[in-house]
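Tertiary structure, described
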Amino acid sequence: MASSKKKTAFFCQECGYESAKWTGQCPVCRAWNTMVEEPVKMTGTGGMAGRTARIGQDRMPVSLSAVKEGGEVRFPTGFGELDRVLGGGIVKGSLILVGGDPGIGKSTLLLQATANIAAAGHRVLYISGEESLHQIKLRADRVGSFGDNARFLCETELDTITQILPREKPDLVIIDSIQTMYNSGVQSAPGSVSQVRETTAVLLRLAKETGITFFIVGHVTKEGTVAGPRVLEHMVDTVLYFEGDRYASYRVLRGVKNRFGSTNEIGIFEMGSAGLQEVLNPSEYMLSGRPVGASGSIVTCSMEGTRPLLTEVQALVFQTNYGYPKRQATGTDYNRVNLLMAVLEKRLGIPMSDYDAYINLAGGVRQTEPALDLGIVMAILSSFRNTPLPDDMVAFGEVGLSGEVRSVTMAEARVQEARKLGFTTCLLPAGSLARLKAPESMRLIGISGLQQVLDYI
Ligand code: TYD
Ligand code: MG
């Protein structure tokens, strides 16, 4: 390295940006007060000489026809929801990062996956740097039974782990969490950017050379006091985020990067007294507790990957008491709501700027698909007019700036989902309706512009 004389550098704890000087704001990710001085010199054999892992053994370039066809080998996790987010199971030799706020249920999810995968005959090694074996056992007793294929280790030294792996020969290793792991080749403290990055580089090389699959748990904190998993996103094969309200029982697993599948998929779980349960019919779950005959409420349908998800949109609109109207959006994009209200004002002449508006996507799964627009607009109009909409009605469609309602993808899947849950009327873009075979027992109404919606209400 050219900087071999330099002993320390400043690393942004958010994004990993390295700088010779301290700065108050990271010039790359714009976070404040995240630059921390850390040693950069590497010693010993535990560390990696470079920043990148060496992938594979063959060092000579070859043509693709000379590559043996092994195919990607996948094995299921025993959780259909997790498998879907992974793109159809765990790929052998991959490195998967599971990020999320502390206490959201990452350890629980991976512990349950450990039980399932071990029961299917694979060898799993669960390495915890956060909990003692006793604590793990207490939790394990609640969530299931573990056979001899599941082995547990409390360890934070990377060197020890790399020595144990060839003896244990596991198919899958779970590292809980990357922030507690310590690579003696790096001088900074566990959890710092350089530790987290170098440790992951070692694990990445191990995964590619031995075919062992690694799940890495990474905590994200808003303060950025521990190196966020952002630093790791470009190194690992797959990044999953486990999110949800810690005080509510649902949890959403979302893929944000996947070298082996789509990233649009989500998996929905419910945290109970015996760990996480899959939510097999999320639409039904999202709609439970919906008010009957209330104004400002309508059900809409967005696509989460390949799966349609019905959600209730609620709007509360009332005359503002201040000169400046207050707006709030929960579970969806605030700016999109503002835009839709501007369209309503300009195209339909409704004086939205005199009204406060609170929009809520009930159920707690954050959704931002444009197909929600029509539902949001109808909820706003329904609340504004104080007119309840029919309970058995679903509406979806994208609203354009001229007040036109534009077609959306996969209209048929959305209509089918609504029909499955007993809805009988569906408002959808006229453009989508033209290309659709109407199912029985469902009235489809094509909408081409917002004026039509207003007339309907
Ligand atoms: P945990 O998996 O420890 O979170 P993380 O590893 O992401 O920090 O989850 C802990 C939370 O889950 C804790 O608040 C308790 C709750 N929990 C249950 O409600 N039921 C259960 O069966 C288990 C094991 C945990
Ligand atoms: Mg944990």
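Residues numbered from 1 in each chain as written. Chains lettered and ligands numbered in written order. Predicted model: local features only at pLDDT ≥ 70, side-chain atom pairs only at ≥ 80, totals over all residues. Heavy atoms only, no water.

Examining the state of the cysteines
Under the counting rule described, the total for this entry stands at 0 disulfides. Between C426, a cysteine without a disulfide, and C301, which holds the nearest cysteine sulfur, the sulfur-to-sulfur distance is 8.1 Å. (Disulfide = S-S within 2.5 Å.)

Describing the site of ligand 1
Every one of the 16 residues lining ligand 1 counts as a neighbour, but G103, S107, T108, G272 and G275 are closest to it. Between ligand 1 and I104 there is a distance of 3.3 Å, counted from an oxygen atom to a backbone nitrogen or oxygen. The backbone of G105 places a nitrogen or oxygen atom 3.0 Å from an oxygen atom of ligand 1. Coverage of ligand 1 by the protein chains reaches 76% of its 560 Å² of free accessible surface. Secondary structure elements with two or more residues in the shell around ligand 1: α2 (106-119), α3 (133-143) and β13 (266-272). When residues of the shell around ligand 1 are assigned to their parent elements, the largest contribution, 3 residues, is made by α2. In terms of residue class, the shell around ligand 1 is made up of 4 nonpolar, 8 polar and 4 charged. (Near = heavy atom within 4 Å. Polar contact = N/O pair within 3.5 Å; in protein donor to acceptor, adjacent residues only side chain to side chain. Areas by Shrake-Rupley, 256 points an atom, 1.4 Å probe, with all protein chains shown as cover. Helix = DSSP H or I, 4+ residues; strand = E, 2+ residues; numbered from the N terminus. Nonpolar A, V, L, I, M, F, W, Y, C, P; charged D, E, K, R; others polar.)

A closer look at helix α4 (residues 158-168)
Taken together, the buried positions of α4 are occupied by L158, I161, I164, L165 and E168. Here the buried residues of α4 occupy an arc of 120° about the axis, which is enough to place them on one side. Within α4, the exposed residues directed more than 90 degrees away from the buried face are Q163, P166 and R167. Looking at the buried side of α4, the elements it contacts are β7 (124-128), β8 (150-154), β9 (172-176), α5 (193-210) and β10 (213-219). In the stretch just after α4, K169 is the one whose phi turns positive, near 45°. (Buried < 20%, exposed > 50% of the residue type's maximum accessible area, 1.4 Å probe, protein only. Arc of directions from axis to C-beta. Contact = heavy atoms within 4.5 Å.)

Comments concerning the sheet that holds β10
Pairing is mixed across the open sheet formed by 9 strands, whose spatial order is β8-β7-β9-β10-β6-β11-β12-β13-β14. Only two strands of the sheet have a single partner each, and these edge strands are β8 and β14 (275-278). In this sheet, neighbouring strand axes are inclined to one another by 25° on average, regardless of whether the strands run parallel or antiparallel. Across the face of the sheet, α3 comes into contact with β7, β8 and β14 while running at roughly 145° to β8. Across the sheet, α5 touches β6 (95-100), β9 and β10, and the angle it forms with β10 is around 160°. (Pairing = 2+ DSSP bridges. Axes fitted to C-alpha atoms, helices over the stretch in contact; angles between N-to-C directions.)

Thoughts on α2
With 14 residues, α2 ought to run about 20 Å at 1.5 Å a step, and its terminal C-alpha atoms sit 20 Å apart, in line with that. Across the 14 residues that make up α2, a large majority, 12, are buried. Of all the positions in α2, only K106, S107, T108, L109, L110, L111, Q112, A113, T114, A115, I117 and A118 are classed as buried. (Expected span 1.5 Å × (residues − 1).)

Here's the deal with the pattern of salt bridges
Considering all chains together, one arrives at 15 salt bridges under this definition. Of the charged contacts, one joins E265 and R84 as a salt bridge, the two residues approaching to 3.8 Å between their closest N and O atoms. Of this pair, E265 sits in the loop between β12 (250-258) and β13 while R84 sits in helix α1 (residues 80-85); the two residues are 181 residues apart in sequence, bridging distant segments of the chain. With a relative accessible area of 7%, E265 lands in the buried category. The exposure class assigned to R84 is partly exposed, which follows from its relative accessible area of 25%. (Salt bridge = Lys/Arg side-chain N within 4 Å of Asp/Glu carboxyl O.)

Coordinates in, geometry out; function isn't part of it.
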